[in-house]
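# Observations on the three-dimensional arrangement
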Amino acid sequence: MRQNPNLSIHFINRTVPVFLKNKLIEVTIDLPQDNYQFSRFDWSGKIIDFKYRGIPITTSEKPFQKDNDPFGKGFYNEFGIQDALGFYEAPIGGWFHKIGVGLLKKDSEQYDFQKSYKIKPALFKTSHTSTKMISSCKAQMSNGYAYVLTKQIVLEADGFKISYQLHNTGSKVIETNEYCHNFLNLVDAAINNRYRLEFPFILEPSQFSENTNPKRLVAISGPNITTPKGLKNTIFMSNLSGSKPVNSKWLLKDNVKKIGISEQGDFLTSQLNLWAEPHVMSPELFVAIYIEPDETFCWERRFSVNQL
């Protein structure tokens, strides 16, 4: 296993992922010290694979991706994609927080979530049974910011639930956001006219903040998004609700295999994005986070799979 040369953390030498399994569901989770160790996605509870009745539901960000490449897969989540915690207070050469990763070294005046920053990892602990995994991430104090993130992944009859608990142990308010980058590909099929993505509100493209839809390969009708001609380019649409608060929910259907996956959050969202490429689709529900010192913020995401 190739390690990021910027890392200085020491873990027990273990490279076997955690497997959570019941009669219908199988979830594979990489431990914090394994494979992906870059500065974008949260290291705690890295869900790399999800199967329903043996059917693959997820894929990777890039085709033919290796385990230790700096890209996402499965269900990777990220905090502060536009503005990492404490970035603007830190001087050049100083350190700022990336929640779920550790401290990153600031090397320019603009934060770029795609850049690989030098990392001082947070302290991670994990425990698990055959149906549940608990991860904790404890950050050191930096520029008045510190936190403890606890994530619990629990199997349910038709899917799984991720419960988050973020406790502010610093002296400054934590104000950020979090989303799950869902790298979906039902039954390993290309993104084409077999798919339909549904939302619980009417889509108004004129209200989107950004709408990158080359050759109009994505069709929008009412609450639905389809790809009747298949995808040949990257698609990105942001603020699908027009920045209005809506129920945090989506449903992706494969009308050939008659299978669907949905995500349901226990929060309202005013930021909902869609990113897709020919082999992958990712609807993204953002949760806004505001935590006073010594306070805790909790939220949940449920992912369910059903035969249609």
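### Describing the overall build of the protein
Counting secondary structure elements, the protein contains zero helices and 24 strands. In terms of overall size, the protein behaves like a compact globule, its C-alpha atoms giving a radius of gyration of 19 Å where 308 residues would be expected to give roughly 19 Å. For the C-alpha atoms alone, the extent of the protein along its principal axes is close to 50 × 45 × 35 Å. Out of the 308 residues in the protein, the part that is buried amounts to 55%. Relative to all contacts within the protein whose residues are 6 or more apart in sequence, the contacts with residues 24 or more apart total 64%. Total accessible area computed for the protein in this model is approximately 13,400 Å², and 49% of it derives from carbon and sulfur atoms. Computed over 36 positive and 31 negative side-chain charges, the inter-centroid distance for the protein is 5 Å.

### Some words on the pairing of strand β20 (residues 259–269)
Among the eleven residues of β20, eight are classified as buried, and the element is accordingly described as predominantly covered. Relative to β20, strand β19 (residues 246–254) runs antiparallel, the two sharing eight bridges. What sits directly across from D254, in β20, is I259. Adjacent in sequence and paired antiparallel, β19 and β20 are bridged by four residues, among which K258 carries a positive phi angle near 55°. Bridge analysis of β20 against strand β24 (residues 296–307) gives seven bridges, and the strand direction is antiparallel. Bridge pairing in β24 places Q264 opposite R302.

### Here's the deal with unusual backbone geometry
For N35, which is not glycine, the phi torsion reads 55° and is therefore positive. The exposure class of N35 is buried, given its relative accessible area of 16%. At N143, a position not held by glycine, the phi torsion is positive, near 55°. Topologically, N143 is positioned in the loop between β10 (132–138) and β11 (147–156). A relative accessible area of 34% means that N143 is categorised as partly exposed.

### Notes on the confidence of the model for the protein
Counting all residues, the mean pLDDT for the protein is 93, and 95% of those residues have values of 70 or more. Across residues 1–13, where pLDDT falls below 50, the model places 26 contacts with residues more than four positions away in sequence or in other chains.

### Looking at the environment of I291
Mapping I291 onto the fold places it in strand β23 (residues 287–291). Taking the relative accessible area as the measure of exposure, I291 reaches 1% and is therefore buried. Contacts of I291, omitting those with residues within four sequence positions, involve L166, N168, K172, V173, I174, T296 and F297.

### Describing the sheet that holds strand β21 (residues 272–277)
Pairing within the open sheet is antiparallel, and its four strands lie in the order β15-β18-β21-β22. Edge positions in the sheet fall to β15 (210–212) and β22 (280–285), since each has one partner strand and no second. Strand-to-strand, the axes of this sheet are offset by a mean angle of 10°, without reference to chain direction.

### Remarks on the sheet that holds strand β7 (residues 102–105)
Adjacent strands of a sheet pair through backbone hydrogen bonds, lying either parallel or antiparallel. The antiparallel open sheet is built from three strands, whose spatial order is β6-β7-β8. Two strands lie at the open edges of the sheet, namely β6 (95–98) and β8 (119–121), each paired on one side alone. Strand-to-strand, the axes of this sheet are offset by a mean angle of 30°, without reference to chain direction. The pairing of β7 with β8 spans three bridges and is antiparallel. What sits directly across from L104, in β8, is I119.

### Some remarks on the nonpolar core
Considering soluble globular proteins, one finds that nonpolar side chains tend to be buried as a cluster. Among the nonpolar cores identified, the biggest contains 86 residues, and F160 and I261 are the most heavily contacted of them. Apart from the residues within four sequence positions on either side, I261 is in contact with F50, I57, F75, L184, L186, W250, L251, L252, S304 and V305.

Thresholds applied
Residues numbered from 1 in each chain as written. Predicted model: local features only at pLDDT ≥ 70, side-chain atom pairs only at ≥ 80, totals over all residues. Heavy atoms only, no water. Helix = DSSP H or I, 4+ residues; strand = E, 2+ residues; numbered from the N terminus. Rg over C-alpha atoms; globule rule 2.2 N^0.38 Å. Buried < 20%, exposed > 50% of the residue type's maximum accessible area, 1.4 Å probe, protein only. Contact = heavy atoms within 4.5 Å. Areas by Shrake-Rupley, 256 points an atom, 1.4 Å probe, with all protein chains shown as cover. Lys, Arg positive; Asp, Glu negative; His and termini not counted. Charge placed at Lys NZ, Arg CZ, Asp CG, Glu CD. Pairing = 2+ DSSP bridges. pLDDT = per-residue confidence, 0-100. Axes fitted to C-alpha atoms, helices over the stretch in contact; angles between N-to-C directions. Core = buried A, V, L, I, M, F, W, Y, C linked by side-chain atoms within 4.5 Å.

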